Amino acid sequence: MMGCMKPKVCHKSGDILTSEEAGRYALVPFDPSNPDESNDLKKNNTVYSYTKKCFEEVSTLDFSRTYDIVEPATTPSSSLPIMTFVMVHGGGASRQMFQQHAKILAEKKGHRSILLDLPGHGTLADTKLTLDSCAETVKSVLDENQESLKLTKANTIYVGASFGAYTGFYTLDKLKDRFGGAVMMDCGQNVGPDCSWKASAGLWFLKLLSKNMSNAGLMSTFKDVTAKSPADWKLVESTFGAGMFFDSAVDQVHVLHSVKPADHIPNLDFPILFFNGSEDYRDSEDKWLSLCKVREGSSLKVFEGGDHFFCHDSRFVFEMLDMMDKFAKDRIAA
């Protein structure tokens, strides 16, 4: 009987959840005292719901700020300047996505990273998501830190993954005087207004799901898809343990479908390094590369056997970071 339905309760406090809380504030708990097992989606894969307060306490994402600056532990001994990667996450994720990559770039390579949440995601989940709000968010973080971090066009590189790459084409065109290079991942498929019927159908399906499923439901679906991927590197810590943010999924689809990379790439006066997985959709990767205004230093790397989640695939993570390190050092030498 409907009157006998058991109410959903917060996994941490035991408090009865409202329907909004049960559908919105969800994650896979991460245990930092047992990271290897906790990051294994085959063993740790249950999505729990929380009150907003408990969600923010349990999440691996720090809700006390909207961006992180990951600095090298020590000042590089060489006279080379510190390069700064501005790292922008994929759709539904948060700045936590690149947290572990940034730590390696800092500790092993001597590079600084700025990780930020896009509107509609993470700590900015309640901020309206548009192409312009994405660009303004990046600009605001740069403006706030330009003087203290001595950020210049020559020492700042944009890094975008999937949604962060597609919006990045637009952002970089507006802020091309602030960046000296870009690393764009998971953006080999054209999803803009002139995309293929297959890409258009995929966007339509995502929009349909987002209108009929809660954030928690979409997160569970995304988790199940990821569990079938060969990706195996810190997935809970970086993604599912932070929580996912699909409440703005309709806006995400609209933004994706409005970006025309071919209109922006030829305007960018710096090299672009493209990364894709061979098993991902890649109908336009060669076209994007051919449109680069600065050919010297621009290149495409396809990780054989990788899919859309290759940047969390232990087979490729360290090669990817090595290539980013070389790309940064080449920018210094240029």
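A.B. asks: Quick one: what's the story with the packing of aromatic side chains, residue by residue and with numbers?
C.D. replies: Under the defined criterion, the tally for this structure stands at eleven aromatic pairs. Seen in terms of ring centroids, Y25 and F55 are 5.6 Å apart; in terms of plane orientation they differ by 50°. Their pairing is tilted. Here F55 lies in helix α3 (residues 52-58) and Y25 lies in the loop between α1 (19-24) and β1 (26-27), a separation of 30 residues in the sequence. A relative accessible area of 10% means that Y25 is categorised as buried. One aromatic cluster is present, formed by Y25, F55, F63 and F245 through successive ring pairs. In this structure, K301 is placed above the aromatic ring of F303, and the distance from its NZ or CZ to the ring centre is 5.5 Å. One residue, R331, lies across the ring of F327, its end atom 4.6 Å from the ring centre.

A.B. asks: Describe the nonpolar core, with residues and values.
C.D. replies: Soluble globular proteins tend to bury their nonpolar side chains together. Core analysis: the biggest nonpolar cluster contains 42 residues, and F179, M184, I272 and F274 have the highest contact counts within it. Counting residues per element, this core draws most heavily on helix α5 (residues 131-149), which supplies seven residues. In contact with I272, other than residues within four places in its own chain, are A182, M184, I265, C292, G297, S298, S299 and F327. With 30 residues, the next largest nonpolar core counts F98, I157, L273 and F303 among its residues.

A.B. asks: Lay out the layout of surface pockets in plain terms, naming residues and giving numbers.
C.D. replies: Its boundaries defined by the atoms lining it, the largest pocket holds a volume of some 1300 Å³. What lines the largest pocket is a set of 41 residues, among which S162, L206, F222, H308 and F309 lie closest to the centre. Counting only elements with at least two residues in the lining of the largest pocket, the list comes to α6 (163-174), α7 (197-212), α8 (215-227), α9 (235-240) and α10 (249-258). The greatest single-element share of the lining of the largest pocket, amounting to seven residues, is contributed by α7. Looking at the lining of the largest pocket, its residues break down into 24 nonpolar, twelve polar and five charged.

A.B. asks: Account for the packing of α6 against α10, with residues named and values stated.
C.D. replies: The geometry of α6 relative to α10 is characterised by a closest axis approach of 9 Å and an angle of 50° between their N-to-C directions. Between α6 and α10, the angle is such that the two are oblique. Between α6 and α10 lies a crossing of left-handed hand. Across the interface between the two elements, F163, Y166 and T167 of α6 pack against Q252, V255 and L256 of α10. Here the residues of the contact of α6 with α10 sort into four nonpolar, two polar and no charged.

A.B. asks: Residue-level account of unusual backbone geometry, with values.
C.D. replies: Even without being a glycine, K150 presents a positive backbone phi close to 55°. Along the chain, K150 falls in the loop between α5 and β6 (156-161). Positive phi, normally seen in glycine, also occurs at S162, with a value near 55°. Mapped onto the secondary structure, S162 falls in the loop between β6 and α6.

A.B. asks: Go over α8, please, and point to the residues and values.
C.D. replies: An ideal rise of 1.5 Å per residue puts 18 Å on 13 residues; α8 measures up with 18 Å between its terminal C-alpha atoms. Listing the buried residues of α8 in full gives N215, A216, G217, L218, M219, K223 and T226. Each element contacted by the buried residues of α8 is listed here: α1, β1, α7 and α9.

A.B. asks: An account of a nonpolar patch on the surface is needed here, citing residue identities and associated values.
C.D. replies: The grouping of W204, F205 and L208 at the surface amounts to a nonpolar patch, some 340 Å² of accessible area in total. Within the secondary structure, W204 sits in helix α7. On the basis of relative accessibility, which here comes to 56%, the residue W204 falls in the exposed class.

A.B. asks: Tell me about the pairing of strand β9 (residues 299-303), and please be specific about residues and values.
C.D. replies: Here strand β8 (residues 272-277) runs beside β9; their pairing, made up of five bridges, is parallel. Of the residues in β9, the one forming a bridge with N276 is V302. Running through helix α12 (residues 285-290), the crossover from β8 to the neighbouring parallel element β9 is right-handed.

A.B. asks: So what's going on with the pattern of salt bridges? Residues and values would help.
C.D. replies: Going through the model one piece at a time under the given rule, you end up with 22 salt bridges. The shortest N-O distance in the salt bridge between R65 and D62 comes to 2.8 Å. On the basis of relative accessibility, which here comes to 41%, the residue R65 falls in the partly exposed class. Several salt bridges share partner residues, and in doing so they unite D62, R65, D68, R95 and D117 into one network.

So, how was this worked out
Residues numbered from 1 in each chain as written. Predicted model: local features only at pLDDT ≥ 70, side-chain atom pairs only at ≥ 80, totals over all residues. Heavy atoms only, no water. Phe/Tyr/Trp six-rings, centres within 6.5 Å; stacked < 30°, edge-to-face > 60°. Helix = DSSP H or I, 4+ residues; strand = E, 2+ residues; numbered from the N terminus. Buried < 20%, exposed > 50% of the residue type's maximum accessible area, 1.4 Å probe, protein only. Lys NZ or Arg CZ within 6 Å of the ring centre and 35° of its normal. Core = buried A, V, L, I, M, F, W, Y, C linked by side-chain atoms within 4.5 Å. Contact = heavy atoms within 4.5 Å. 1 Å grid on protein atoms, 1.4 Å probe; cavity = no way out; pocket = protein on both sides within 12 Å on 5 of 7 lines; lining within 4 Å. Points joined across faces, edges and corners; volume = space filled by probe spheres on them. Nonpolar A, V, L, I, M, F, W, Y, C, P; charged D, E, K, R; others polar. Axes fitted to C-alpha atoms, helices over the stretch in contact; angles between N-to-C directions. Parallel < 35°, antiparallel > 145°, perpendicular 65-115°, else oblique. Left-handed = near helix turned anticlockwise from the far one by under 90°. Expected span 1.5 Å × (residues − 1). Patch = residues over 30% accessible without salt bridge, like charges linked within 9 Å, V, L, I, M, F, W, Y side chains within 5 Å. Areas by Shrake-Rupley, 256 points an atom, 1.4 Å probe, with all protein chains shown as cover. Salt bridge = Lys/Arg side-chain N within 4 Å of Asp/Glu carboxyl O. Pairing = 2+ DSSP bridges. Right-handed = clockwise from strand over helix to strand, strands pointing away.

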